[in-house]
Structures are given as C-alpha cells and as structure tokens.
Amino acid sequence: MESITSSTPMQLFLCTLSGYVVILFYRWLRSLHDPVRVLRHKNSRVWDSCRFADVFHRGYTPPWWLSIGTEMFAGSWHTIAHNIRRGVGEQHNTKYERELLKLSDGGMVGIDWVLESYCPATGETFKSPPLDDERYPIIFLHHGLAGSSDSHYVQSVVNPFLKSQKYRVVCMVARGCGGVPMTTPQGFSAAGSGDIGEALNLIHDRYPSSYVFGVGWSLGGGLLARYIGTEGKRCRLSGACVISPCWDYMARSPYFHFWSRVFLAKSLVDYAKENEYALSKCDRINLKKGLSAVHIEEYDQHMVVPKHDKYTHVNDYYRDASAVHVAKNIHVPTLSINADDDPICSVIGCPDDLSKMGPGLTIVRTKRGGHTCWAKGLDINETWMDEAIVTWINACYDDVIRESKVCHSASAQSGGSKVESATTKVERTGAKLERTETKLEAPPVKKIGDDNSDKKKSSFVKPILNKVETAYSSLQNSGESNEQITTYAAALAVAYCSYRYVRFLKST
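Residues numbered from 1 in each chain as written. Predicted model: local features only at pLDDT ≥ 70, side-chain atom pairs only at ≥ 80, totals over all residues. Heavy atoms only, no water.

Trainee: It is not clear to me how the overall build of the protein chain should be interpreted in this structure. Could you clarify?
Mentor: Helix and strand counts for the protein chain come out as 17 helices and 12 strands. Per-residue burial over the protein chain gives 48% buried out of 508 residues. Sequence-distant contacts, at least 24 apart, represent 77% of the contacts inside the protein chain between residues at least 6 apart. Carbon and sulfur atoms make up 56% of the accessible area of the protein chain, which totals about 24,900 Å². (Helix = DSSP H or I, 4+ residues; strand = E, 2+ residues; numbered from the N terminus. Buried < 20%, exposed > 50% of the residue type's maximum accessible area, 1.4 Å probe, protein only. Contact = heavy atoms within 4.5 Å. Areas by Shrake-Rupley, 256 points an atom, 1.4 Å probe, with all protein chains shown as cover.)

Trainee: Mind showing me how you'd approach unusual backbone geometry here?
Mentor: Working note: non-glycine residues mostly have negative phi, and peptide bonds are mostly trans. Phi at Gln-165 is positive, roughly 55 degrees, even though this residue is not glycine. Residues other than glycine seldom take positive phi values, yet Ser-244 does so here, at roughly 50 degrees. As for its position among the elements, Ser-244 is in the loop between strand E8 (239–243) and helix H8 (256–274).

Trainee: Can you walk me through the pattern of salt bridges in this structure?
Mentor: Pairing between side chains of opposite charge can happen when the charged atoms of each approach one another. Counted under the stated rule, the structure contains 25 salt bridges. Notably, a salt bridge pairs Asp-399 with Arg-45, separated by 3.2 Å at the nearest N-O pair. Highlighted residues: Asp-399 in helix H13 (residues 384–414) and Arg-45 in helix H2 (residues 45–50), separated in sequence by 354 residues. Among the residues examined, Asp-399 registers a relative accessible area of 6% and is labelled buried. What makes Arg-45 partly exposed here is its relative accessible area of 29%. Note that Arg-226 is salt-bridged to Asp-320, the shortest N-O span being 3.5 Å. One end of the pair, Arg-226, is in helix H7 (residues 218–231); the other, Asp-320, is in helix H12 (residues 314–321), with 94 residues separating them in the sequence. (Salt bridge = Lys/Arg side-chain N within 4 Å of Asp/Glu carboxyl O.)

Trainee: What is the right way to look at the packing of H8 against helix H11 (residues 296–303) in this model?
Mentor: Each packed pair of helices is defined by two parameters, the angle between the axes and the distance between the axes. At a closest axis distance of 8 Å, the pairing of H8 and H11 adopts a crossing angle of 40 degrees. Between H8 and H11, the residues in contact are Phe-256, Ser-260, Leu-264, Ala-265, Leu-268, Val-269, Tyr-271 and Ala-272 and Ile-296, Tyr-299, Asp-300 and Met-303, respectively. Its residues placed into classes, the contact of H8 with H11 shows 10 nonpolar, one polar and one charged. (Axes fitted to C-alpha atoms, helices over the stretch in contact; angles between N-to-C directions. Nonpolar A, V, L, I, M, F, W, Y, C, P; charged D, E, K, R; others polar.)

Trainee: I'm lost on the pairing of strand E3 (residues 108–119) in this one. Help?
Mentor: For a regular strand, the rule is simple: side chains alternate between the two faces of the sheet. Where burial is concerned, most of E3 is hidden: 10 out of the 12 residues are buried. When strand E2 (residues 93–102) meets E3, the two strands line up antiparallel, connected through 10 bridges. Bridge pairing links Leu-101 to Val-109 in E3. Looking at chain direction, E3 and strand E4 (residues 124–127) are connected through four bridges and run antiparallel. Pairing of Glu-116 across the sheet is with Lys-127, part of E4. In textbook terms, the turn of a hairpin is the stretch between consecutive antiparallel strands, and for E3 and E4 this stretch comprises four residues, one of which, Gly-123, has a positive phi near 75 degrees. (Pairing = 2+ DSSP bridges.)

Trainee: I'm lost on the pairing of strand E10 (residues 361–366) in this one. Help?
Mentor: With five of six residues buried, E10 is to be regarded as a mostly interior element. Across four bridges, the pairing between strand E1 (residues 37–40) and E10 is antiparallel. Opposite Leu-39, over in E10, you have Ile-363 as the bridge partner. In the sheet, strand E9 (residues 334–339) pairs with E10 via six bridges, with the strands oriented parallel. Residue pairing for E10: Ser-336 is matched across the bridge by Ile-363.

Trainee: Is there a simple way to think about the nonpolar core in this case?
Mentor: Note that soluble globular proteins tend to have their nonpolar side chains buried in a common cluster. With 73 residues, the main nonpolar core has Phe-140, Ile-228, Leu-237, Trp-247 and Tyr-317 as its most contacted residues. Counting residues per element, this core draws most heavily on H8, which supplies seven residues. With residues near it in sequence (within four places) discarded, Phe-140 still touches Val-170, Met-172, Ile-196, Ala-199, Leu-200, Ile-203, Val-212, Phe-213, Gly-214 and Val-215. Among the nonpolar cores identified, the runner-up in size contains 43 residues, and Val-36, Trp-47, Leu-162 and Met-385 belong to it. (Core = buried A, V, L, I, M, F, W, Y, C linked by side-chain atoms within 4.5 Å.)

Trainee: I would appreciate a short explanation of the packing of aromatic side chains in the present structure.
Mentor: The description of an aromatic ring pair uses the distance of the two centres, along with the angle that the planes make with each other. Tallied over the entire structure, the rule returns 16 aromatic pairs. Plain terms: the ring middles of Tyr-167 and Tyr-397 are 5.9 Å apart, the flat faces sit at 65 degrees to each other, and that makes the pair edge-to-face. One end of the pair, Tyr-167, is in the loop between helix H5 (152–164) and strand E6 (168–173); the other, Tyr-397, is in helix H13, and 230 residues separate them in sequence. Per residue, the accessibility class of Tyr-167 equals that of Tyr-397, and both read buried. Centroid distance Phe-258 to Trp-259: 6.0 Å. Interplanar angle 85 degrees. Geometry classified as edge-to-face. Owing to a relative accessible area of 7%, Trp-259 belongs among the buried residues under this scheme. Taken together through their ring pairs, the aromatic side chains of Trp-47, Phe-56, Tyr-60, Trp-374 and Trp-384 make up a single cluster. (Phe/Tyr/Trp six-rings, centres within 6.5 Å; stacked < 30°, edge-to-face > 60°.)

As structure tokens, then:
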C-alpha cells in the first residue's frame, strides 16, 4: 500500500501526459479531413449535378503520415512520396496509336490515341471503344512539364474512362516531349496554348459530331485553362478539368525555389539536351547558358524570352502566360482543383473573386493534396483526383446531353422557323430554366465556434463529467485496484479538462 501511494504522483503525471497526447493526436487526425471549398457562380448546372457525389461531398482526407510538419513541408513530402511510390510500383501499361500533327508554324505535336490500358491494381485490361465511332465522346488529355502520354498521372486516369466504355481517349504530346520530334526551335512553353487549339481543330474536323472534354495537369492544366479563356465561347471543348494548374506564374510558394532547382530547371535542361539539335538552329537564344541553368527563371530568360519580340524580361513572359488574366472569359464548364499545400503551383494565384471568373469556371480547393497527387490509402498508389476528374467529366457529358435534348425539343416546337430564331428561343428557354431552377444547398457544416458564448459556457462541464464517468465505469469492470482506478480516472479527467479549457479559451 505504501509503494502504491508513493508512486501515485508519477503515475498521475505519466497517465495525464499520455492521455493528453492521445487526445491531441486524435484531434489532429480529425483535422486532416477537410471538406472541399468551392467558389463558383450560382448558375453552375454541372456543379449542382455533382456536388453531392461522394468524392466532393466527403472531401479529401490524406494519409496521416504524409501530413506531418508545416503546410508546405507536408505538401512537398506528399508530392515526393506519391511519385516515388508510383515509380517503384507496378506500372500502368497503356498502348497508344500515335499520329503526328504538323502545326501552322512548322512545329509538330503528337496525338496519341489510346487503344487499351492495363490496370495493375485489378489485373484487368480495358480496351477502347472504336476510335472511328463518333457516338463516343472524346477525352482530350494534356500532360505537365516535360511529361508525355506515359506519365503516371495520365495513364492512371485512362483506366476509369476506358472501364466505363463511354469514351475514347487521346493525349496530346507537346513539342519535343515523349519522342515527338522538334522540327522548329520553338519548344514547349507556358504561353503555347495555340498548339492545343490546332490539335482540337483537327479532332473536330475529323469527328464533327463528337463531344470533346479536356483534362490537363500542372503546366498542361494551365495551358488548357489559358486556351479555354482565350477562345471563350468559340472553345472546341464541351467541358474541362484542370488539376494543379498555375493560374498566375508570378505567384510563388515558399518552397518554389527549392523545387525550381531540384526538379523544374533540371527537367527543362534535360528537355533542351534531348532537342539540342533543333534548338541550336535559333541564334536568338543562349543555348550554352540555358543548358547550365540551375533555376527555372534562368532557363526561361535565356531559352524562351529571346524567341518572342513582345518579351523583354522573363516576368513579361510569366504575366502573358498566366491564365488568371483570361479566367473571366471561361464559359465552358471548367473545374479547377488545387491544394493549399501545393509547393509548385501556388494557390495564391487562383482566382479568388467571382468578378474574376467566367460563368463556366468552378474552383475547388483542398487543404492537403500536394502537386497533382491527392494520394489516398496506406498504399498511396491510388488518388482522389482521378475519381474527381471522372465525376466532373461525367457530369459535363450528362449536362450537354440534357442541353441537346432541350435544343431538339425547342426545334421541334418551332416547326419550320429559321435556325437563328430557333437558336434564340432555345437560349431564352435555357435562361428561363436557370432562373426558375431550385438550388439544392448542402446542409451547413457545424464547426467549433459556431455556437454563442452562453451555450459554450453552459455546456463546458457536462462533457468532462461524461468522459470521467465512462472511463471510471470501464476501469471498474477491468479488475484494477481502487488506487489504480483513482489514478487513471484522475489522469484522464485532468487531460480532458485541460484540452476542453484550451478549446474554450480559443473559442471565446
């Protein structure tokens, strides 16, 4: 009895400390879950049709071991770990049929049509619908910086699209990337959204009755957003999803310089070395300094800016390439998904006001996710973003089908009227439907601090007593001695009381 009494203070301290640590760890795990934050116009029919889908309604919860540290450190670690895992694991095996498209300036891009894709997770092989069948809509993919159709994020999203047997899939491979020959000194750049327009014109001319939906990642997402905003209502796409795009190249994250030196500049230098022969034909660039660049700004200053008369400094190039300046002209249903902890393409540059956004643009942001990652599960090989992409594209396709039925119905009612008057009538009918549409609003999420202070004060003690009573009952049933029960119960009470008191002070 004497030994128990003498050890009680130490037991109390250790139990209190361990209980407090467990509570804090549990609360930290819960804080990792973050509902998606959405910025969009009220008349966004596509978002209204998919907002309650599981992928958006439940939000994104990252693996806890990828979320340790500060926001940007966790984003960098998340990005590195996910790419390493996909690099060492069993790879997707996608078979393509490539055709080369000669551009108006003599350059060349690759158009890789997907034939079939092997999924290592299930061991299944999915085949594409007939490529010449116009009844199937087309998914137009664009890779990121110095990537290709073999990039893991491209091949990963191909599988669910082929599995559905609803879409044909094609990936545009930029100049000098993925084995596409560079036929002019003009290379892959952040301002080269015109190449996307020419590729889509080819697809539209070949399959004029097929709907086309675009998906782009990182730099490819920024180019796709820039193309959609530049073209406005003339855009060839019926919907799009851009993942981790850089909306403003002048906005930088605190870790951008690290990534610029370690990854971005190195990727561009390797790209220049692979296409050194074509680049050497341009006497306006400084190829020697470009090949020795250690920072992305240094590379762009010597290899990109001199090719364009309208640029005198690398910042002129970055401002011109930023899609944020044309976001107001986006009319096509376009979903942008960005993570706050993205260390490469900072969310600081995302449009943050509806006045800067076109009626078709929807911005979705998550607290975690890294750069083009959003890994999930302990294996971290699967991604949340693939499910989000497929959900959004399916909603876009359903929307154009509904709109097409409305158009056919309006045309039938108009009888033999002229095409222009029928079109005007359909537009007016659509506007009327939008005004009278009943909007389903998600139930408000209750957060700590929403209650008034009187309720907080009156409910402060009750949870503590409930916790202590529950713990005391469970310890009595466990066969512990009265001294140990008293010690454990007191430790838990102190730990939980401390935690509640800290939360109470913060909320008031």
